[in-house]
Amino acid sequence: MSDKGLLYYEDYDIDNYDDSFEYSYDDHELTSSYDLSDTFNCGKTVLKQITQQIFYLILINFIYRLIRQTALLPEFLKHLSSSILGYLSTFIFFTNGNYYVILLAFISYGFLKLLHIYNVRRKGILSIAFQIITIFTCEIIERDTTIWQNLRGSALIISMKTISLAFDTSSNKLNKLPAIYEYTGYMLCPANIVLGPFVSYPSYCQTSPKTFKLMSLKVFFQAFLNSLMSIVFIFLSTCFLNYLLSDDVRFFVTYRDALIFRCSHYFVSFMSVACLIISGIDYRTSSDLFGYQVTRPLDIELPRSLVPVVISWNIPIHLWIKTYIFENLKRYGKFKAIILTYLISSSLHGLNVQLAAVLLSIGIFSYVEFRLRNLLAEILDACIAANKCVIDSKGCCITKGHEFTTKLHWVKLINFIFGVFTIVLLAYLGVLLDTSIDGNTEFSLHGNLKKWYDLNFFGHIIVLIWYIMYLISKN
C-alpha cells in the first residue's frame, strides 16, 4: 500500500464550542415517566426560552449587514459597529462576566503587539502558550464556574482568531498586524463571537460594498433553513429524545445521553451558520441547500469510521487546527503531533478534565482505527480502509486500486461492522460530555471519569483489542 495519505490530521479533529449553551427548563421537569404530552409541553418551553435570544441575535447581524454595505461610512465606523454589536450580542446570551470578552481581546492584542515590536520569532507558538495561560488564569480567578462555562465558547473563538493572526503575520500572509479598531472589530464580530464559527481575518475584511449584496431570496431561504434545523435539534436534545429512548436498557441510556449532547452541538452549529449568512461575512459556499456547513450530522450519526466523525464534527475548527496547529507540529512525528494537537485543543477549552479525556481518547481511537483498517485493506486488497475509496463508473477502485470493492457483500459487512463499532464508541465518548444529568463540574479525576468507570471502560478496551489486532496483522 502506498504511504501517501497514511495519516493526515484532517482525519482527526476536535471538539466544539457549544458547551456554554445548556438551557435549564424550570417550567418543566423531566422525569422517568416522560410521555408524549410532556414532550410537546417541553417543546413550548424550549421555544419560549430561545426564540427571543435567536431573534435578537439575527436582528443584530442583519443590522451589521446593513452597516457593512453602506459605502459612505468610513471603515473605522464599520469596524467600530462590529465591536459594539458583537459585545451587545454577549449581553443577550451571557448575563454575567461579559467583561472577560473585552479583557481577553485586549490582553491578546497587547501580547501580539509586543511580539511584533520586538520582532520575536515563533509568534504563533508563543501565542498558543499565552492563550492557554490566559484562559487558565481567568478560569481560576473566576470562582463562579457557571459564568466561565457560559463564556468558554467566546473565549475559544477569541483565542483561535488571535493565534491565526500570529501565524499569518509570521508567514507574511498578512502584511502587518491589524490596527486596534480593526482587531477589535474582528474579535467581537457579531456573526461569530457568541456561537462561532471561526472566520479568518481576510474573510472578515472582504465584507465590502463591492461584494456585499442585499439579502436575496436564496440567502433568506438558507438562513431560514439553518434556523429551522437548529430549533429541531434543540427540541430533540431537550425534549424528544428523553421520550423516544427510555431508561430500560443500559446501552440505550448511554447512547441517548451522548446523542443529546450531539444534538445540542448541532443546534449551535446550524444557528451559527444562520447568523453568518445573515451578517454577510464572506464564506465559501459548501452546500447549495444550507449555504455553509459547520457540521454534517449524517456523517456523525451514520459513520463509516471515526475519521469522518472528527472531520464533520466542526469543519471550520478542523480546518483551523489542521492549518495552524497540526501543520506546525508535524516535524515532531505524526503520532506526537496528533497527541500535542489534542492537548492544545483541550487546553484552549480551559480546565475541563472531561473534555481533555474525550479529545485525547478520540485522537488515540482514530489513530488506531486508521492504522488497523488501512493495514487490513492492504492485506485483503479490499475497500475497507477508514477513508472511503473512490469507485469509478466501471466499479473499480481508483483510490488505492483495490481488487475487492464495496460491490461485494463481505466488504460491505466489514465496513458495516466497523460502522457499528464507531456508533458504540461515540456513545461511550459522548456520555462523558453530557452534564445534563449530574451537572458534574468537579476537577477530581475519579469524579470526571465516573461514567466511563461505570461502563467498565469498555470503549478503551475495544480500541486496545484493535491495537493488538494491528500488531498481530503487522507482523
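Note that the coordinates shown come from a computational prediction; the quantities given were computed from them, not determined experimentally.

A. Fine view of helix 13 (residues 334–348). Compared with the 21 Å implied by 1.5 Å per residue over 15 residues, the 21 Å span of helix 13 between its first and last C-alpha is a close match. For helix 13, the full list of buried residues reads Ala337, Ile338, Thr341, Tyr342, Ile344, Ser345, Ser346, Ser347 and Leu348. Contacts from the buried residues of helix 13 go to helix 4 (123–141), helix 5 (145–170), helix 11 (306–312), helix 12 (315–324) and helix 14 (353–380). Trailing helix 13 by a residue or two, Gly350 shows a phi angle of about 100°, which is positive.

B. Spatial organisation of helix 4. Between its terminal C-alpha atoms helix 4 stretches 26 Å, which fits the 27 Å expected from 19 residues at 1.5 Å a residue. Along helix 4, the residues classified as buried are Lys123, Gly124, Ser127, Ile128, Phe130, Gln131, Ile132, Thr134, Ile135, Cys138 and Glu139. Residues of helix 4 that are buried sit in contact with helix 3 (99–117), helix 5 and helix 13.

C. Quick peek at the state of the cysteines. Within the structure shown, the criterion is met by one disulfide. Residue pairing for Cys42: its cysteine sulfur links by disulfide to Cys239, the two sulfurs lying 2.0 Å apart. Between Cys42 and Cys239 the disulfide shows an S-S torsion of about -75°. By sign, it is left-handed. One end of the pair, Cys42, is in helix 1 (residues 36–68); the other, Cys239, is in helix 8 (residues 217–244), and 197 residues separate them in sequence.

D. Unusual backbone geometry, seen in detail. Residue Pro197 follows Gly196 across a cis peptide bond; omega there is 0°. Within the element layout of this structure, Pro197 appears in the loop between helix 6 (180–187) and helix 7 (201–205). Despite not being glycine, Arg122 has its phi angle at roughly 55°, a positive value. One non-glycine residue, Asn172, lies in positive phi territory at about 65°. Inspection of the secondary structure assignment puts Asn172 in the loop between helix 5 and helix 6. Its relative accessible area of 61% is what places Asn172 among the exposed residues.

Parameters and conventions
Residues numbered from 1 in each chain as written. Predicted model: local features only at pLDDT ≥ 70, side-chain atom pairs only at ≥ 80, totals over all residues. Heavy atoms only, no water. Helix = DSSP H or I, 4+ residues; strand = E, 2+ residues; numbered from the N terminus. Expected span 1.5 Å × (residues − 1). Buried < 20%, exposed > 50% of the residue type's maximum accessible area, 1.4 Å probe, protein only. Contact = heavy atoms within 4.5 Å. Disulfide = S-S within 2.5 Å.

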